[in-house]
Amino acid sequence: MSGRNTLYWRRKKRLMSSDRLPSRSENFAEWYNQIVLRAELADYAPVRGCMVVRPYGWALWENIQKALDRRFKETGHVNAAFPLFIPKSFLEKEKAHVEGFSPELAVVTIGGGEELEEPLVVRPTSETIIGHMYSKWIKSHRDLPVLINMWNNVVRWELRTKLFLRTTEFYWQEGHTAHATHEEAEAETLQMLDIYADFAENEAAVPVIQGLKSEREKFAGALRSYTIEAMMGDLRALQSGTSHNLGDNFSRAFNIRYSDQNNELQYCWTTSWGLSTRFIGTIIMVHGDDQGLILPPRLAPYQLVIVPIFRNEEQKTVVFEAVKRIEAQLSEFRVKVDWREDVTPGFKFNDWEMRGVPLRIELGPRDVESQQVVLVRRDISGSEGKFQVSQDGLASVVEKMLIDIQNHLFKRAVRFREENTHRVETYEDFKETLEHKGGFIRVHWAGTSEDEDLIKEETRATIRCFPLDPPEGHGCCFYTGEETDRIAIFARAY
RNA sequence: CGGGGUGUAGCGCAGAUGGAAGCGCGCCGCGUUUGGGACGCGGAAGUCGGCGGUUCAAGUCCGCCCACCCCGACCA
């Protein structure tokens, strides 16, 4: 054990002192950390488990927010804000909810120097305070549905943290809706799952599997939880967004009732759904390479960076003029011009590759002379990704190339996931595959929650979800041997 | 909470047997450079994690505390 740790430290020292990013294959975890820090997405905060989201990381988050918020509004949702503090007793009203969250609550017991009569928890999620308010607001079937979303931060006292993936405080949106019937609530839950999948695939170029969570993995207090699961570059799974049908659990706990058309009191059916800054981790681990981050053009803070090249004042004047002209031509895109004069162009190339900017334009005296630019794609390394392009009609070339990069990233990620998804018939095969290949394992499943626990204990793999894909017909459960048509995806997960 | 480890300049580290705090990178200044991570010269920067003890003398020895990191159990 200590020998292994010594090795770890030696390796870490070497990685930290070198200029190069550790490769994904030699140390994926350290590769990830270094990208977050070097690309200036985030930094460690002076509070344990907390991070500072730096301007470049926040710009990415803002683009994620815009893409999601537009979809929420299009489906009739409105934004609101609920308090950060929640009376501790609220959490205790729903049994499964309090059992799930109590180990990770931050609690405020003193305010203004006085001991509080009732401790306040810093929200780990807002179902309870929403439930309290909804019970005040909802009286009649005419008040339904209520479709509210909130962009906020929450706190969960996690034991082991990792930048973006699991931090004590994180940023997200949480949608909370109330409906007259169970069917409507289920339809809403699935609609929002669809929106997450659409966002992931079409904005972030991240292929996801939509599925139902197992009883062991579902949200504390939910009737059913759905997930979008993505495969990371190290073959592990990451839950990248969730949508919950809460049934009438919170309605009963908080007395959210309405009078129906017959003037009879009915409990509401509620949902909640969230996607967090964890998704930035998804983007990093799905698209990044040994050069650093690769951002999907639709979400990248800068879609294109221009690096001017010159040797003297005379050249600088000429190049400056050309860059200004090109920048104006490309005003429909998010463009950054790197005018720094204290670093060399070569440094800038590496720097912007680390930061994942999808396209780069190099513009020097030779290009001014020939009325061209050098256009370089981030997603294809080497000379195949470099093009000499005329300055005339540059905007349309850039537009096409950004679309092409977006599509290429998605297709590449789909192929990667498919190449690393395996089917097995027996538990022996399962363990063998997990050990030597990893990735997603697709199986017929008829086991119980206890079976799932045993498998997890032995292999560290869990059921990521039961995919919502059309049924594939009967087969034998790889674990129990029973005949079933239920499909499960197992993987080691973050 | 269990097991392991580390605290010395912004970052990464070196400082046998106690005897004047160092190296690399970064940072600041000047000059030369600039089409794939430039170079030279000069410079600033540290209550050695904290408290206590031993000693003429502690970064170094002893005790207690604190923080952080890694591996497990929990999780968006």
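Please read all numbers here as calculations on a predicted model, not as lab measurements.

Parameters at a glance
- All residue numbers refer to positions counted from 1 along the written sequence of the respective chain.
- All chains are assigned letters beginning with A, and all ligands numbers beginning with 1, in the order in which they are written.
- Predicted model: local features are reported for residues with pLDDT of at least 70 only, side-chain atom pairs are reported and counted for 80 or more only, and whole-chain, interface and lining totals are derived from all residues.
- Hydrogens and water are ignored here; the side-chain numbers use all heavy atoms of the structure.
- Note on conventions: DSSP H or I runs of at least 4 residues are helices, E runs of at least 2 residues are strands, and numbering of each starts at the N terminus.
- The classification of residues rests on relative accessible area computed with a 1.4 Å probe and restricted to protein chains. Under 20% of the type maximum is buried, over 50% is exposed, and intermediate values are partly exposed.
- Strand pairing is assigned whenever DSSP identifies at least 2 bridges connecting the two strands.
- Lines fitted to the C-alpha atoms define the axes, with helices restricted to the stretch that makes contact. Angles between their N-to-C directions range from 0 to 180 degrees.
- The working definition used for a salt bridge is a side-chain nitrogen of Lys or Arg within 4 Å of a carboxyl oxygen of Asp or Glu.
- Two aromatic rings from Phe, Tyr or Trp, using only the six-membered ring of Trp, form a pair when their centres are within 6.5 Å; if the ring planes differ by under 30 degrees the pair is stacked, by over 60 it is edge-to-face, and anything between is tilted.
- For a lysine, the NZ atom is tested; for an arginine, the CZ atom; a charge sits over a ring if that atom is within 6 Å of the ring centre and within 35 degrees of the ring normal.
- Any pair of N or O atoms that falls within 3.5 Å is considered a polar contact. Within protein, one atom must be able to donate a hydrogen and the other to accept it, and sequence-neighbouring residues count only if both atoms are side-chain atoms.
- Throughout, a contact is declared for two residues whenever any of their heavy atoms are within 4.5 Å.

S.K.: How would you sum up the environment of Lys218? Please name residues and give values.
M.R.: Of note, Lys218 is situated in the loop between strand 9 (209-212) and strand 10 (224-231). The exposure class assigned to Lys218 is partly exposed, which follows from its relative accessible area of 25%. Taking the C-alpha atoms as reference, Lys218 lies 37 Å from Gln303; in sequence the two are 85 residues apart.

S.K.: I'd like a rundown of the pairing of strand 5 (residues 106-111), residues and numbers included.
M.R.: Two faces, one strand: in a regular strand the side chains alternate between the faces of the sheet. One ladder, built from 5 bridges, connects strand 5 with strand 6 (residues 114-122); its direction is antiparallel. Counterpart to Val107 in the pairing with strand 6 is Val121. The antiparallel hairpin formed by strand 5 and strand 6 contains 2 residues in its connecting segment, where Gly112 sits at a positive phi of about 55°.

S.K.: Requested: an account of the pairing of strand 8 (residues 169-179), with residues and values cited.
M.R.: Of all 11 residues that make up strand 8, 9 are buried, and the element is covered over most of its length. As defined by bridge partners, strand 7 (residues 146-155) adjoins strand 8 across 10 bridges and the pair is classed as antiparallel. Residue pairing in the sheet places Asn149 in a bridge with Gly175 of strand 8. Where strand 8 and strand 14 (residues 269-276) come together, 8 bridges link them in antiparallel fashion. What sits directly across from Ala178, in strand 14, is Thr270.

S.K.: I'd love a proper account of the sheet that holds strand 4 (residues 85-87), names of residues and values included.
M.R.: Spatial ordering of the open sheet is given by 4-6-5, a layout of 3 strands whose pairing is antiparallel. In this open sheet, the two strands that pair with only one neighbour each are strand 4 and strand 5. Across the sheet, the mean angle separating the axes of adjacent strands is 45° when strand polarity is ignored.

S.K.: Any chance you could break down the pattern of salt bridges for me, citing the residues and the numbers?
M.R.: If you walk through the whole model with that rule in mind, you get 35 salt bridges. In this structure, the salt-bridge partner of Asp289 is Arg378, at a minimum N-O distance of 2.9 Å. Within this pair, whereas Asp289 is found in the loop between helix 9 (278-287) and strand 15 (304-308), its partner Arg378 is found in the loop between strand 18 (372-377) and strand 19 (386-390), the two being separated by 89 residues in sequence. Given a relative accessible area of 18%, Asp289 falls into the buried group. Connected through shared salt-bridge partners, Arg70, Arg71, Glu74, Asp198, Glu203 and Arg298 make up one network.

S.K.: So what's going on with the packing of aromatic side chains? Residues and values would help.
M.R.: Enumeration according to the criterion identifies 24 aromatic pairs in this entry. Their ring planes at 70° and their centres at 5.4 Å tell us that Trp445 and Phe490 sit as a pair that is edge-to-face. Of the two residues, Trp445 sits in the loop between strand 21 (440-444) and helix 15 (449-459) while Phe490 sits in strand 25 (residues 487-491), which places them 45 residues apart along the sequence. You can call Phe490 buried: its relative accessible area is 0%. Three or more aromatic residues link up through ring pairs in this structure, and these residues are Tyr427, Phe430, Trp445, Phe478, Tyr479 and Phe490. Looking at Arg236, its charged tip hangs above the ring of Tyr494, at a distance of 4.0 Å from the centre. Between Arg486 and the ring centre of Phe466, over which it is positioned, the NZ or CZ distance is 3.8 Å.

S.K.: Mind laying out the side chain of His422, listing which residues take part and the relevant values?
M.R.: Residue position: His422 is located in strand 20 (residues 421-423). Judged by relative accessible area, which is 14%, His422 ranks as buried. Within the structure, His422 has its side chain in polar contact with the backbone oxygen of Gly438 (distance 3.5 Å). When sequence neighbours within four positions are dropped, the list of residues in contact with His422 reads Thr433, Lys437, Gly438, Phe440, Ile441 and Arg442.

Worth remembering: the numbers are spatial, not functional.
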